[in-house]
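Examination of the molecular architecture
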Amino acid sequence: MRLFVRAYRSLRIGSTAVAIYLLYKVPAWTRRLLQRPPLGDDELTPTHQRAARLLLWTALGLRGVLIKFCQVVATRADVFPPAIIDILKQCHDAVPAHPFEEIREQVERELGKPLDAVFREFDREPIAAASLAQVHRAVLLHGEPVAVKVQYPDIERIVHTDLANMRRVCAVYEFFDPQPIALLPLVQELTRHLELELDFEREADCADRIRDLFARDGTVVVPQIHREWSTRRVLTMELVGGIKITERARIEAAGLRPTDVMQELMRIYTRMILAAGFFQADPHPGNLFVQENGHIVLLDFGLSKELPEGFGLGLFELMFSMMTLNQSAMVRAFEELGFETKNGDPSTFLLITERMMKRSDTGRFEGEFTEEMTDELFDAIRENPVVSVPSDFVLVGRAFSLLSGIGASLGARANVLEAMGASTGATS
Amino acid sequence: MAAPSTDLPLEYSREELLDSGSYDEPLIAGGVRCHGGFEADGSYRSPRTIHRAPAVQAWQERLRREDCDLIQIDPALMPPQYPNVEQAKLLLLEGVREPVVRRLTIISIVEGFGAIIRDVGVPDLASHVVEPITGTSLDHLEQGLFEAHARDEAGYRDEGGHKQMWEAARDLALENPKIPGDVLMQMMGQGPGRRRERKRGFPQIDERLERMLATMAQVLAVEVFAMGAFDWGERLLSDSEVSAEPEAAGRMVSFIRADESPHVEYLRTGLSEVAARTLRTVDGGSIPGREVVRGMLHSTLRGLTRERREEQRNDIRGALIEAMQVHANPASLLERFDELETKWTPPEHTGFEPEDPEPQA
Ligand SMILES: Nc1ncnc2c1ncn2[C@@H]1O[C@H](COP(=O)(O)OP(=O)(O)OP(=O)(O)O)[C@@H](O)[C@H]1O
Ligand SMILES: [Fe+2]
Ligand SMILES: [Fe+2]
């Protein structure tokens, strides 16, 4: 049975890869035979869309790593064209739930007890289902409501099979394609993320660490972890409520000002990223709530990331130099952050920032990484393959761009420099 | 201080207010070209002042001619530095360098943030002020005054400003020290976010106008208090017992201080001009500008001298004690350190308390 499952997954991953490869190559070969010029970037858009749909379809069928892979691809606008990214973004909402019996077995195996020896109630329908785990509402014996995040049974093995398959596919692809996109580093990045996300003990530690960081504030909520009912694969935590951060009408109905909510959210993220160098790296709207008293809830610490020392200051210097149009400081900041040009010519950095800053009204960076600006930044990087980007920067850039998206739903700006300035009391 | 009444013009273009003229020799700090420079006789001239300085003088003279007060913040309100010069010196002499490096770095960053002033929205002032504003500094805020201020603080294009000058002074005096990883943490504070004032102080006036005036009052107070930090920096960094380059580092801070005085001057001129006028309220009535400006200065000064100060001192102290652990005898060092602290209680009055309803004639 297992063997069959593994063979089936390998086969589907392999055939999808071949199909995608042919999708690109057959038209290219045909054109070469007919002696026509190769297709330009724009003309390839339909092919990109077809390939992305094929990948998404296989991913939703097989789940596991492929979903995560789609998610990672969707975050790498510096490598892939927008047509692909737009489609693969959908894999966040589209995941079907696993049957309850599977979940029950997994919880009982992990906790070493029957379900009703730990929980007075356990909802059959999950609150949310994702690629590696799903979350159920439950009530502990003494009556406390909790959220239980349960990893799918066998997911680790599936992950390993899938990763091995993907590495193989990459190797084959790179062998055949004369100018391959560097897919292998993406798979390696994915492997690192998955290792982090599959370890709920680490997730619990990260939650504690972020909670400590805001302990003195009293305005940031991180669910308490019930360690006695948690393992590497099951995470039992305090059930917290609130309004989803993008639901502007409900936020206003609760008597909160969306601009205040946004300012507080930005304060929290600048504190984590720039000041503490440790952050919850996944601020998508599903992971953030606002409570009626204005407190912000942070969820999902699977993807929490430690940034290298000096990263926050380096990022600040980069933003600052872009605000003051100081080119020599920009180059210095890029280098400090670990950007590299393969030809050693730093003027490429300036071309890239220039393109990004053209997307702002004033031609200067004003403190907000809007989605258009981040897209433009990553487009510019993709089109200048001489630049290599540190992966931490990609993660942070994505986080700020997600926050800017939340800002757009709230009708407020996600200004990083302003959030910093406000908490220093420097001005205004 | 009765300057002779001159016939300096009251109108300036944006280009003029941003013009530095030419220098005999540029200012180079730590290998970075900075703003400002030197005249033939070796004296330092601040950037963007060849027209801005006489302009501010002209507007101030006009206020005087028209018998209006020029706002003055009492220097006694300025909280002492923590750590003060003697305390900082003790730390450096005892090999505990981190807190001083951190403090200097934070000063440089906070200076840089001064650039935010250019993003303060300036409403159509002529429509909010009853009396005419032609020939005032108010009429020039967007015409170069805010922009010049922003460039002075943060630098502009490849010319460094105060941020880079402080960095240079720090690196000269303390020989390119390693920057502690937690500067931004210290700077942003560890307590809860200071909620943006939910309640507006003067809801009867236009919101943008209120925000602009409140920012000007806040920045004026910060600038006046910054003089304390400049004294501190200049004394410490020019002390040959602790500074590797006492002369160059001390001079650098003195240039920064010289550049700051136009900021204090144009801000107090602008606020005084508002105080001498009447503001339209949103419901069609009016309110004396004096009441608004004094109200804003009062609440800003109370905030800066009371709530904020304790909070900041405690944050700094926590990190200080931690940094002292590198010392052979941290407890005795802390004791000596504490003995040197400047005792201070904030004065009772800010000088901008609400006035009697009937102002004297
Ligand atoms: N403690 C909690 N209290 C209430 N709801 C929770 C709690 N933890 C998780 N949820 C809900 O479950 C959803 C999924 O949880 P979580 O984000 O931790 O899982 P995930 O597998 O990492 O999902 P994804 O990869 O989509 O972010 C959250 O968006 C939230 O709606
Ligand atoms: Fe300054
Ligand atoms: Fe200043």
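A brief structural summary. (Residues numbered from 1 in each chain as written. Chains lettered and ligands numbered in written order. Predicted model: local features only at pLDDT ≥ 70, side-chain atom pairs only at ≥ 80, totals over all residues. Heavy atoms only, no water.)

Now for the overall build of chain A. Each helix and strand counted, chain A has 16 helices and 13 strands in total. Expressed as a percentage of the 428 residues in chain A, the buried residues total 56%. Considering only contacts within chain A whose residues lie at least 6 apart along the sequence, 66% involve residues at least 24 apart. (Helix = DSSP H or I, 4+ residues; strand = E, 2+ residues; numbered from the N terminus. Buried < 20%, exposed > 50% of the residue type's maximum accessible area, 1.4 Å probe, protein only. Contact = heavy atoms within 4.5 Å.)

Let us look at the interface of chain B and chain A. If you look at the interface, chain B gives 40 residues, while chain A gives 42 residues. The tally of links between chain B and chain A comes to 4 salt bridges. One salt bridge connects aspartate 315 of chain B with arginine 216 of chain A, and the closest N-O pair in it is separated by 3.2 Å. For the interface between chain B and chain A, the tally reads 8 residue pairs in polar contact (both at pLDDT 80 or more). (Salt bridge = Lys/Arg side-chain N within 4 Å of Asp/Glu carboxyl O. Polar contact = N/O pair within 3.5 Å; in protein donor to acceptor, adjacent residues only side chain to side chain.)

Moving on, we come to the sheet that holds strand E5 (residues 220-221) of chain A. Residues and elements named next belong to chain A. Here 4 strands make up an open sheet; going across it, the order is E5-E10-E9-E7 and the pairing mixed. This sheet does not close on itself; its edge strands, each paired only once, are E5 and strand E7 (243-244). Sheet topology note: the E5/strand E10 (residues 296-298) ladder contains 2 bridges and is parallel. Note that in E10 the partner of valine 220 across the bridge is isoleucine 296. Packing against the sheet, helix H10 (residues 258-276) makes contact with E5, strand E9 (288-290) and E10, and its axis sits at approximately 40° to E10. (Pairing = 2+ DSSP bridges. Axes fitted to C-alpha atoms, helices over the stretch in contact; angles between N-to-C directions.)

All names here are of chain B. All of the protein donors around the iron ion (ligand 2) are Glu111 (OE), Glu153 (OE), His162 (ND1) and Glu260 (OE); their distances to the metal are 1.7 to 2.2 Å. Coordination geometry of the iron ion (ligand 2): the 4 donor atoms subtend angles of 82 to 134° at the metal centre, consistent with an arrangement described as irregular. One chain supplies every donor to the iron ion (ligand 2), and in sequence these donors are spaced E-x41-E-x8-H-x97-E. (Donors = N, O, S within 2.8 Å, 3.2 Å for Na, K, Ca; no water. Tetrahedral: all angles 85-135°; square planar, octahedral: opposite > 155°, others 65-115°.)

Glancing now at the site of ligand 1. Residue and element names in this part refer to chain A. Near ligand 1 you find 19 residues, and of these Lys149, Glu238, Gly286, Asn287 and Asp300 are the closest. Between ligand 1 and the protein, one listed contact pairs a nitrogen atom with a backbone N or O atom of valine 240 at 3.0 Å. Asparagine 287 is positioned such that a nitrogen or oxygen atom in its side chain is 2.9 Å from an oxygen atom of ligand 1. With the chains in place, 89% of the 610 Å² that ligand 1 exposes on its own is no longer accessible. If you list the elements that add at least two residues to the shell around ligand 1, you get strand E4 (145-151) and strand E6 (234-238). Broken down by class, the residue content of the shell around ligand 1 amounts to 10 nonpolar, 4 polar and 5 charged. (Near = heavy atom within 4 Å. Areas by Shrake-Rupley, 256 points an atom, 1.4 Å probe, with all protein chains shown as cover. Nonpolar A, V, L, I, M, F, W, Y, C, P; charged D, E, K, R; others polar.)

Per the stated rule, a full pass over the model turns up 17 aromatic pairs over all chains. Aromatic side chains phenylalanine 334 of chain A and phenylalanine 339 of chain A sit 4.8 Å apart centroid to centroid with 75° between the ring planes, which places their arrangement in the edge-to-face category. Just as phenylalanine 334 of chain A is buried, phenylalanine 339 of chain A falls in that class too. Here the aromatic rings of phenylalanine 146 of chain B and tyrosine 266 of chain B are separated by 6.3 Å at their centres, their planes lie at 70°, and the arrangement is edge-to-face. (Phe/Tyr/Trp six-rings, centres within 6.5 Å; stacked < 30°, edge-to-face > 60°.)

With that settled, consider the pattern of salt bridges. Under the defined criterion, the tally for this structure stands at 56 salt bridges over all chains. A salt bridge links arginine 257 of chain B to aspartate 231 of chain B; the shortest N-O distance between them is 2.8 Å. Taken together, the residues span a long stretch of sequence, with arginine 257 of chain B in helix H10 (residues 246-275) and aspartate 231 of chain B in helix H9 (residues 207-237) at a distance of 26 residues. Looking at arginine 257 of chain B, the relative accessible area reads 25%, which means it is partly exposed. Here the residues in one salt-bridge network are Glu110, Glu156, Asp199, Arg232 and Arg233 of chain A, joined through shared partners.

Bringing the pairing of strand E2 (residues 32-38) of chain B into the picture now. All names here are of chain B. Of all 7 residues in E2, 5 are buried, a share of seventy percent or more. Inspection of the sheet shows strand E1 (residues 25-29) paired to E2 by 5 bridges, in the antiparallel sense. Paired with leucine 27 across the two strands is cysteine 34, which belongs to E2. Hairpin connection of E1 to E2: 2 residues between the antiparallel strands, including glycine 30 at a positive phi of 55°. Summarising the sheet, E2 and strand E3 (residues 44-45) pair through 2 bridges and their orientation is antiparallel. Looking at E3, one finds that phenylalanine 38 is bridged to tyrosine 44. In this structure, the hairpin formed by E2 and E3 is closed by a connection of 5 residues, where glycine 42 is found at a positive phi of approximately 90°.

The next thing to look at is the coordination of the iron ion (ligand 3). Residues and elements named next belong to chain B. Coordination of the iron ion (ligand 3) by the protein is provided by Glu153 (OE), Glu223 (OE), Glu223 (OE), Glu260 (OE) and His263 (ND1), with metal-donor distances spanning 1.9 to 2.3 Å. Of note, the donors binding the iron ion (ligand 3) are all from one chain and are spaced E-x69-E-x36-E-x2-H. In this structure the iron ion (ligand 2) is found 3.5 Å away from the iron ion (ligand 3), and glutamate 153 serves as a bridging donor for the pair. Linking glutamate 153 in helix H6 (residues 141-154) with glutamate 223 in helix H9, this pair joins segments that are 70 residues apart in sequence. Residue glutamate 153 is classed as buried on the basis of its relative accessible area of 2%. By relative accessible area, which is 6% here, glutamate 223 ends up buried.

Turning our attention to the nonpolar core. Grouped together as the largest cluster of nonpolar side chains are 141 residues, with contacts concentrated most on Ile273, Leu298, Leu315 and Phe316 of chain A together with Ile73 and Leu213 of chain B. Those residues within four positions of isoleucine 273 of chain A in sequence are excluded, and the remaining contacts are Phe279, Leu307, Gly312, Leu315, Val396, Ala399 and Phe400 of chain A. Membership of the second largest hydrophobic core comes to 47 residues, among which are Ile13, Leu66, Phe69 and Ile155 of chain A. (Core = buried A, V, L, I, M, F, W, Y, C linked by side-chain atoms within 4.5 Å.)

Time to look at the sheet that holds E3 of chain B. Residue and element names in this part refer to chain B. The sheet built from 3 strands is open, its strands ordered E1-E2-E3 with antiparallel pairing. Both outer strands of the open sheet, E1 and E3, are each paired with one neighbouring strand and no more. Contacting E1, E2 and E3, helix H7 (residues 162-173) runs over the sheet at an angle of about 100° to E2.

Quick look at the side chain of aspartate 392 of chain A now. Residue and element names in this part refer to chain A. Here aspartate 392 is to be found in helix H15 (residues 391-410). Take aspartate 392: its relative accessible area is 12%, and that puts it in the buried class. Aside from chain neighbours lying at most four places away, what touches aspartate 392 is Lys305, Glu306, Leu307, Pro308 and Phe311.

This part takes up the environment of methionine 237 of chain A. All names here are of chain A. The topology assignment puts methionine 237 in strand E6. By relative accessible area, methionine 237 is classed as buried at 11%. Residues methionine 237 and isoleucine 158, 79 residues apart in the sequence, show an inter-C-alpha distance of 26 Å. Those residues within four positions of methionine 237 in sequence are excluded, and the remaining contacts are Val146, Ala147, Lys149, Pro223, Gln224, Ile225 and His226.

This brings us to unusual backbone geometry. The omega angle of the peptide bond from tyrosine 82 of chain B to proline 83 of chain B is -5°, so this bond is cis rather than trans. Summarising the element assignment, proline 83 of chain B is placed in the loop between helix H2 (52-65) and helix H3 (85-93). Residues other than glycine seldom take positive phi values, yet aspartate 154 of chain A does so here, at roughly 70°. Following the sequence through the fold, aspartate 154 of chain A ends up in the loop between E4 and helix H6 (155-176).

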